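Below, each chain spelled out in residue letters.
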Amino acid sequence: MNTTSFRVRFAPSPTGYPHVGNFRTALYNFLLARHYRGQFLLRIEDTDKERSRPEYEEAIYESLRWMGLDWDEEPVHQSRNLARHQEEARRLVDTGHAYRCRCPAERIDALRERQMAAGLKPMYDGMCRDKNYPDDGTPFCVRLKTPRTGFTRISDRIRGEITVSNEEVDDLVLLRTDGTPTFNFAVVVDDHDMRITHVIRGDDHLNNTIKQVLIYEALGYPLPQFVHLPQILGNDKTRLSKRHGATGVLEYRDQGYLADAMVNYIARLGWGHGDQEFFTREELIRLFSIEEINKSAAVFDPQKLLWLNGEHIRAKSVEELADLFAEHMRRKQYLGEQTEAFLRDRGRIQQIVACTQVRAKTLDEIYQMVLFLFQEDLTYPEKEAQKFFRPDALQGLRALAAFAAAHRDQDLPPEAWEQVFQRVLNKQGLKMKALAQAVRLALTGTVVSPPIFDIIGLLGTNRVEARLRAAVEYAEKHAGI
Ligand code: GLU
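In this convention, every chain numbers its residues from 1, walking through the sequence in written order. Per-residue local features of the predicted model are confined to residues with pLDDT of at least 70, and side-chain atom pairs are confined, for both listing and counting, to 80 or more; whole-chain, interface and lining totals are unaffected and use all residues. Excluding hydrogens and water, the side-chain figures rest on all heavy atoms present in the structure.

**Overview of the site of the ligand**
The following threshold applies: Any residue with a heavy atom positioned within 4 Å of a molecule or strand is treated as near that molecule or strand. N or O atoms closer than or at 3.5 Å make up a polar contact, with two conditions inside protein: a donor-capable atom paired with an acceptor-capable one, and, for residues adjacent in sequence, both atoms drawn from side chains. In short, Shrake-Rupley with a 1.4 Å probe defines the accessible areas, and a residue's cover is counted only from the protein chains shown.
The environment of the ligand is made up of Arg-9, Ala-11, Pro-12, Ser-13, Glu-45, Phe-183, Val-187, Arg-201 and His-205. Taking Glu-45, its side chain carries an N or O atom lying 2.6 Å from a nitrogen atom of the ligand. Side-chain polar atom of His-205 to an oxygen atom of the ligand: 2.9 Å apart, as the coordinates give it. For the ligand, whose unbound accessible area comes to 300 Å², protein coverage reaches 82%.

**A few points about helix 2 (residues 54-67)**
Going by this rule: Helix and strand assignments come from DSSP, with helices taken as H or I runs of at least 4 residues and strands as E runs of at least 2, each series counted from the N terminus. How far a helix is expected to stretch is found by multiplying one less than its residue total by 1.5 Å. Per-residue accessibility, obtained with a 1.4 Å probe over protein chains only, is compared with the maximum for each type, and a residue is labelled buried under 20%, exposed over 50%, and partly exposed between these values.
Over its 14 residues, helix 2 runs 20 Å from end to end, which matches the ideal 20 Å to within 8%, given 1.5 Å per residue. Taken as a whole, helix 2 has its buried residues at Tyr-56, Glu-57, Ala-59, Ile-60, Tyr-61, Ser-63, Leu-64, Trp-66 and Met-67. In the stretch just after helix 2, Gly-68 is the one whose phi turns positive, near 75°.

**A look at the sheet that holds strand 5 (residues 141-144)**
Think of a sheet as strands paired side by side through backbone hydrogen bonds, with each pair either parallel or antiparallel. Applicable threshold: Between any two strands, pairing holds if DSSP finds at least two bridges. Note on method: axes are straight lines fitted to C-alpha atoms, helices fitted across the in-contact stretch only, with angles between N-to-C directions ranging 0 to 180 degrees.
Spatial strand order, 4-5-8: 3 strands in an open sheet with antiparallel pairing. The open sheet terminates on both sides in strands that have one partner only, identified here as strand 4 (98-101) and strand 8 (173-175). Taking each pair of neighbouring strands and ignoring which way they run, the sheet shows an average axis angle of 40°. Pairing between strand 5 and strand 8: 2 bridges, direction antiparallel. The residue bridging Val-142 from the neighbouring strand is Leu-175, located in strand 8.

**A look at the nonpolar core**
Here is the rule we go by: Working definition of a nonpolar core: buried Ala, Val, Leu, Ile, Met, Phe, Trp, Tyr and Cys residues. They are joined through side-chain atoms within 4.5 Å. Here, residues are in contact when the closest pair of their heavy atoms is within 4.5 Å.
In terms of nonpolar packing, the biggest core is built from 60 residues, with Phe-325, Phe-389, Leu-397, Leu-400, Trp-417 and Phe-421 touching the most fellow members. Looking at which element gives the most residues to this core, the answer is helix 16 (residues 391-406), with 7 residues. Ignoring sequence-local partners within four residues, the contact set of Phe-421 consists of Leu-400, Met-432, Leu-435, Val-439, Ile-452, Phe-453 and Ile-456. Counting 51 residues, the second-largest nonpolar core is a separate cluster that includes Leu-64, Ile-200, Ala-246 and Ala-259.

**Topic: the packing of aromatic side chains**
For any pair of aromatic rings, the description rests on two quantities: the centre-to-centre distance and the angle between the ring planes. Here is the rule: Classification of ring pairs uses Phe, Tyr and Trp, with its six-membered ring standing for Trp, and accepts pairs whose centres are within 6.5 Å; under 30 degrees between planes counts as stacked, over 60 as edge-to-face, and the remaining range as tilted. For a lysine, the NZ atom is tested; for an arginine, the CZ atom; a charge sits over a ring if that atom is within 6 Å of the ring centre and within 35 degrees of the ring normal.
With the rule as written, the count across this model stands at 20 aromatic pairs. Taking the centre distance of 4.3 Å and the plane angle of 5° together, the rings of Tyr-334 and Tyr-367 count as stacked. In this pair, Tyr-334 is assigned in the loop between helix 11 (318-332) and helix 12 (339-344) and Tyr-367 in helix 14 (residues 363-369), connecting sequence segments 33 residues apart. These aromatic residues form a ring-pair network of at least three members: Tyr-28, Trp-271, Phe-279 and Phe-288. Across the ring face of Tyr-28, the terminal group of Arg-24 is positioned such that the distance to the ring centre comes to 5.5 Å. Above the face of the Phe-140 ring, Arg-100 is positioned so that its terminal group lies 5.3 Å from the ring centre.

**Considering the sheet that holds strand 1 (residues 7-10)**
On the basis of which strands lie adjacent, the open sheet formed by 3 strands has the order 1-2-3 and parallel pairing. Since the sheet does not close on itself, it has two edges, and those belong to strand 1 and strand 3 (76-77), each with one partner. Sheet topology note: the strand 2 (residues 39-44)/strand 3 ladder contains 2 bridges and is parallel. Bridge pairing links Ile-44 to His-77 in strand 3. Against the sheet, helix 1 (residues 20-35) touches strand 1 and strand 2, its axis set at about 160° to strand 1. Lying over the sheet, helix 2 contacts strand 1, strand 2 and strand 3, oriented at roughly 160° with respect to strand 2.

**Focus: the side chain of Glu-88**
Assignment of secondary structure puts Glu-88 in helix 3 (residues 82-94). Not counting the four nearest positions on each side in its chain, Glu-88 is found in contact with Phe-185, Val-189, Leu-219 and Tyr-221.

Here is the structure:
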């Protein structure tokens, strides 16, 4: 492949929040551009004035930035190319490849109704096709003079050859009566002007591609290569949509998914490299190729994404994960005004991620696992309290509280706690599990948490003492336990 001329684009319409399907298209374009050392361009298809909104456009940039899909060159706004679209439409009329159609909307509607009633595919009947109407102020739209005979072929890099008889294709409207371009016409002119070499998009665009190829031919533009990506389905095998749960990329970010995991997972939706599931970004860029894109639809599996996210969390260094966790906490503002103060203590953030990294599957879970740090006046679930706050365990808690009291305001190393635990176990004849669960419940209000000596380290000696005492007091008050 001539790698100096690989130019691809992601062309979203800012008419809704970008979802996983959009970003699969963006990602494949990006990976191939980086793989072939080409350019990855962005075109905002904002010609639908009614439905396009600045917040959607912003969400597109934000999602791309978050996923690390940095684009080359300034984004192109399709709506700003109007003059160019009109110029090319006029050229097609002048060269006899298109014509001005003066049929009023009522006529077109009536025609369509008649054809539908007769069970025919609605098509323009060519009334104005050979009239050569000039531009004399009479309202008109511009239609393509689609060849009446022959065939149009797409040579798709994934699907192979697709051939459609020209009889099946309408005299497409290129410019509407108000002078605005139709979707297919604008896409072709813009792709040509942006010197796009490979058009990579979902295979729901295959029908458009046939029309676009006819437009390319009429305009005399060289054809780009076409790569139509297989559909993404939900677990019920219907097209992925909101019904299947979260599909917005930023929704996943906000739930504490890592961009690297998202990129990895989305890359696998329609592409594979042997049995490998875990890929770093660099590996994807190195390995990604058009040849390994699948023909068949991919199924979006949130459970697998969650699993993969856990794998990416474990693959990070403590420093990297601390940064990602801090970013997540800043975004979520769970701690309100306390957030910034909390984030300033980098050592503490690292301590938190170091002891949760092995088990957490999302950044949010890391926070959930250390929630006890931010709670005062813990409550204890009744069933667990009955089970673990037994008299012998309470004796243990008292002994540990006394130990903490003797070391107030001191940072004790884990070994010091391990020793005192051992002494208490020997003295009370307790099992480690029974003592550890009682301590865990006393310190966190739950019976699942990071390792016991880690949570003691995170709380610090004074808070450990206070919590042990509060638990003992609670257990004494609720006699019968
Ligand atoms: N704007 C179109 C879409 O969002 C993409 C058009 C294209 O990739 O050619 O589906």
